[in-house]
Each structure stands twice: as C-alpha cells, then as structure tokens.
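Per-entry structural report
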Amino acid sequence: MKVLLTGATGYIGSAVTDHLVAAGHQVVALTRSAEPESGRPWHAQLVGDTADPASLAGAVTPDIEAVIHLAPPSGDADVDSAVIEALATPLRGTGRPLVYTSGVWVLGATGDAQEVGEEAPTNPVGLVGYRPQIEQRVLAEAAEGVRAVVVRPAIVYGRGGGIPALLVDRARKEGVPEYYGEEGVRWPTVHVDDLAELFVAAAERAEAGTLWHGVGESAVAVRDVAQAAGRAAGVDAAPRVLSVEQAAEFFGALFADALALDQSVSGAAARTALDWKPSRPGMVAELTSGSYRSA
Ligand SMILES: NC(=O)c1ccc[n+]([C@@H]2O[C@H](COP(=O)([O-])OP(=O)(O)OC[C@H]3O[C@@H](n4cnc5c(N)ncnc54)[C@H](OP(=O)(O)O)[C@@H]3O)[C@@H](O)[C@H]2O)c1
C-alpha cells in the first residue's frame, strides 16, 4: 500500500516507517519542514502542518491507500477535528484505512481493575482531555465508508527514546533515580518496534470502527523502571518518589499528572484479533541491558 504518514520524523513515526517498508509498503511522509530528510526510507515527502488543517487539503491523493495519523494533538479540539475531516474526506466510500493515534492516558487511573480492555469508559487526564472526542470523531467515519481505526499506545520505550529516556536524563542530572506520584504506581508499556508492527497490522487488517490498545506489558512497577533508568544512567542509588507538585516544577503540571497515573491496561484484544505478537524485551530489561545503556 502507499501510506500517508503524519508524524513520520518522530519517535514512533520513525519505527512505523521502518516496519511499513519492511512489510513492503511505500511511505509518503507528511512533514512540517520542506527540507528534504536524507537517509529516510520514504517514497515521497509532502509538506503540511496539522496546526493548519487547510494545509492538508490535497495530501490524500487518489493513489493514497491508507493514512496513519501520528502527529500529536494541537491542543485545540476544533483544529484536530478539522484535521480528521481533511484526512477522512478523500477516503469516504473507498474502504481505505484511516488509523488515528490516541493513547492509554485517555483511560485515567484504572483503580482496582486489572488489565482494563477497550470497552472501559474513558476518564482522561488533563493533558489528553478532549482526545476521546477525537477518537469518536474518527470512528464515526466508519459509517461513511472509511476503514476508521484508533490505536491507543501505552508508554512507549525502546531505541533509547521516549519517556524512559527522560527518567534516565533526570537520574543522571540528579544523581538519584526518581518516579512520580505514589510509590505503587504502574505503567502499561509497549516497545516502539512492537507498537510499529501493530500500526502496520491495523492499517492492513483492522476492521472499520475498531479501537485497539497497543500494550505489551499491562502494568509495570514504575519503581522498577526508575531503578533500571538509574542503572542506565550509571547511578546506583535507590529510587525516590516525588510528588506530582514537585514533578510539576520541571515537567509542568499536566505532564507530571499523566506520569503519576497508576494504570493496568490489557493489550490482549489486538493479539487475538489482529494476530499482533509483541516480542521485544520488557521496559525494565531494555533499560537494564538494551538501548539506554550509557556509553
Ligand atoms: N511516546 C509515547 O510514549 C506515546 C504514548 C501514547 C501516545 N503517543 C502519541 O503518539 C503520537 C506520536 O508520538 P511520538 O512520541 O512519536 O512524538 P514525537 O517524537 O514528538 O513526534 C511527533 C511527530 O509529529 C510531527 N509534528 C509535530 N507537530 C506537528 C504539526 N503541527 N504538524 C505536522 N506534524 C507535526 C513531528 O514532526 P516535526 O519533524 O515537524 O517536528 C514529529 O514527526 C502522538 O500523538 C502522541 O501523543 C505517544
């Protein structure tokens, strides 16, 4: 398939590019900059900015067989809705896929429930407040003949990047590893290469109007993640837990609040229905002996 990919230069987008190409697809990358990116295995590069939905008019040409939308939200629900309108309109009546990227933070804290599934109600933290609305806006396109699909990634790790890299940087800077919120906080996690394979599977074979959790491990103790981040930074001290208010001083209140979320989320549905097989090492193992090790 020829796939239009927004966010193609980003952390997840780079991995999705690699796995689309490995699966025999062509990537048309939508980038904000017109500067050609050397070394990317893209078929073509288009310029557009999701903060300006009008700039996306014409991006979905008749030869585009799938759209994967990875660029982050703008912070304005009307703008993000207009982006979906621009991407979906040319796909109506074609049965071609539009895959939208949300995230597990729309579920909020999952409380005593274990491994919550896609049917759980949303209760988004402030950082992703209106995102469930955009999910519904996307899924409604199924009625218009678009193979509309939503993927909610867990906290992504691997390739030395993502949120765990922030913990490694903080540990190096502070001389002690840290995590945020309560002592028992747990994160659902997914390796970026496993997640990229889920995006490929979603574009290839997810049914219209479906939503999937991209979760490799359902609930990893963040204390263990912090300890491993410390080791990756060359710091042996025991992790300390900071309050959300303390973390807000350097991460901002909204991001600090999201990092402190305690969640247990299941990724079983995509394994069964899409034959998705996440296989990379877990977040703690990756931090301890994988791509985050300092030189
Ligand atoms: N990382 C995680 O743990 C995680 C977890 C759950 C969900 N997500 C979601 O996954 C998506 C991708 O995340 P990521 O971690 O890969 O982010 P990232 O590394 O920051 O990459 C963002 C990408 O979006 C592009 N972009 C930013 N603003 C844009 C705009 N106004 N118009 C067009 N393109 C724009 C960037 O391109 P430039 O080269 O132009 O900057 C870059 O390619 C986001 O929607 C994020 O909320 C991420």
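Report follows, based on the coordinates. Within each chain, residue numbers correspond to sequence positions counted from 1 in written order. Local features in a predicted model are, by the rule used here, given only for residues with pLDDT of at least 70; side-chain atom pairs are given and counted only at 80 or more, and totals for whole chains, interfaces and linings are based on all residues. Side-chain metrics in this entry use all non-hydrogen atoms of the structure; hydrogen atoms and water are not considered.

1. Some remarks on the site of the ligand
For the record, the criterion: Nearness is defined per residue: one heavy atom within 4 Å of the molecule or strand is enough. Here a polar contact means two N or O atoms within 3.5 Å. Within protein one must be a hydrogen donor candidate and the other an acceptor candidate, and residues neighboring in sequence count only if both atoms are side-chain atoms. Each accessible area value is a Shrake-Rupley result obtained with a 1.4 Å probe; residue values ignore everything except the protein chains displayed when judging cover. As defined here, a cavity is a set of points on a 1 Å grid over the protein atoms alone where a 1.4 Å probe fits but cannot get out. A pocket is an open set with protein on both sides within 12 Å along at least five of seven lines, and residues line them when an atom is within 4 Å of a point. Each molecule is assigned to a cavity or pocket provided more than half of its atoms lie within 2 Å of the corresponding grid points. Secondary structure is summarised from DSSP: a helix means a run of H or I of at least four residues, a strand means a run of E of at least two, and numbering begins at the N terminus for each. Residues are grouped as follows: Ala, Val, Leu, Ile, Met, Phe, Trp, Tyr, Cys and Pro are nonpolar; Asp, Glu, Lys and Arg are charged; all remaining types, including Gly, are polar.
Close to the ligand lie 21 residues, the nearest being Thr9, Arg32, Asp49, Thr50 and Arg131. Here an oxygen atom of the ligand sits 3.2 Å away from a polar atom, N or O, in the main chain of Gly7. The contact in question runs from an oxygen atom of the ligand to an N or O atom on the backbone of Ile12, over 2.9 Å. Starting from 910 Å² of accessible surface for the ligand in isolation, the protein chains cover 74%. For the ligand, the cavity whose grid points lie within 2 Å of the majority of its atoms is the largest pocket. The set of elements that each furnish at least two residues to the shell around the ligand consists of helix 1 (11-22) and strand 7 (155-157). Tallied by class, residues from the shell around the ligand come to 11 nonpolar, seven polar and three charged.

2. Topic: the pairing of strand 9 (residues 186-191)
Inclusion rule: Any residue under 20% of the maximum accessible area for its type is buried, any over 50% is exposed, and the rest in between are partly exposed; the area is computed with a 1.4 Å probe on protein chains only. Only strands that DSSP links by at least two bridges are regarded as paired with each other.
Judged by how many residues are buried, strand 9 sits mostly within the fold: six of six residues are covered. Both faces of strand 9 are covered, namely the face carrying Arg186, Pro188 and Val190 and the face carrying Trp187, Thr189 and His191. With three bridges joining them, strand 7 and strand 9 adopt parallel strand pairing. Considered in strand 9, the bridge of Ile155 is made with Thr189. Two strands pair when backbone bridges link them, and strand 9 and strand 11 (residues 217-221) are joined in this way by three bridges, in the antiparallel orientation. The partner of Thr189 across the bridge, within strand 11, is Glu217.

3. Quick look at the layout of surface pockets
Basically, it comes down to this: Grid points are joined across faces, edges and corners, and a volume is the space filled by probe spheres set on the points. Those domain boundaries reflect an automatic or database domain assignment.
Estimated volume of the largest pocket: approximately 1000 Å³. The wall of the largest pocket is formed by 40 residues, among which Ile12, Leu70, Ala71, Pro72 and Pro73 lie closest to the centre. Elements supplying a minimum of two residues to the lining of the largest pocket: helix 1, strand 2 (26-31), strand 7 and helix 4 (163-174). With three residues, the single largest contributor to the lining of the largest pocket is helix 1. Here the residues of the lining of the largest pocket are counted per class, giving 21 nonpolar, 15 polar and four charged. Of the residues that make up the lining of the largest pocket, three or more belong to each of domain 1 (2-154 + 190-215 + 265-273) and domain 2 (156-187 + 219-264 + 280-289).

4. Re the sheet that holds strand 7
In plain terms, the rule: Lines fitted to C-alpha atoms define the axes here, with helix axes fitted over just the stretch in contact, and angles between the N-to-C directions of these axes take values from 0 to 180 degrees. When checking whether two residues touch, look at their non-hydrogen atoms; a contact exists if any pair is within 4.5 Å.
Taken together, the three strands give an open sheet; going across it, the order is 7-9-11, and neighbouring strands pair in mixed fashion. Looking at strand neighbours, the two that pair on one side only are strand 7 and strand 11, the edges of this open sheet. Going from strand to strand, the sheet's axes swing by 50° on average, the running direction of each strand aside. The sheet strands contacting helix 4 are strand 7 and strand 9, and the helix crosses strand 7 at an angle near 70°.

5. Quick word on the side chain of Thr6
Relative to the helices and strands, Thr6 is located in strand 1 (residues 2-6). If sequence neighbours within four positions are ignored, Thr6 has contacts with Leu30, Ile68, His69, Leu70 and Ala71.

6. Focus on the pattern of salt bridges
Stated formally: Any carboxyl oxygen of Asp or Glu within 4 Å of a side-chain nitrogen of Lys or Arg constitutes a salt bridge here.
According to the stated counting rule, one finds 20 salt bridges in the structure shown. Measuring nitrogen to oxygen at the nearest pair gives 3.4 Å for the salt bridge that ties Glu85 to Arg92. Given the relative accessible area of 34%, Glu85 is considered partly exposed. A salt bridge links Arg152 to Glu135; its shortest N-O distance comes to 2.8 Å. Of this pair, Arg152 sits in strand 6 (residues 147-153) while Glu135 sits in helix 3 (residues 131-139), and the two are 17 residues apart along the sequence.

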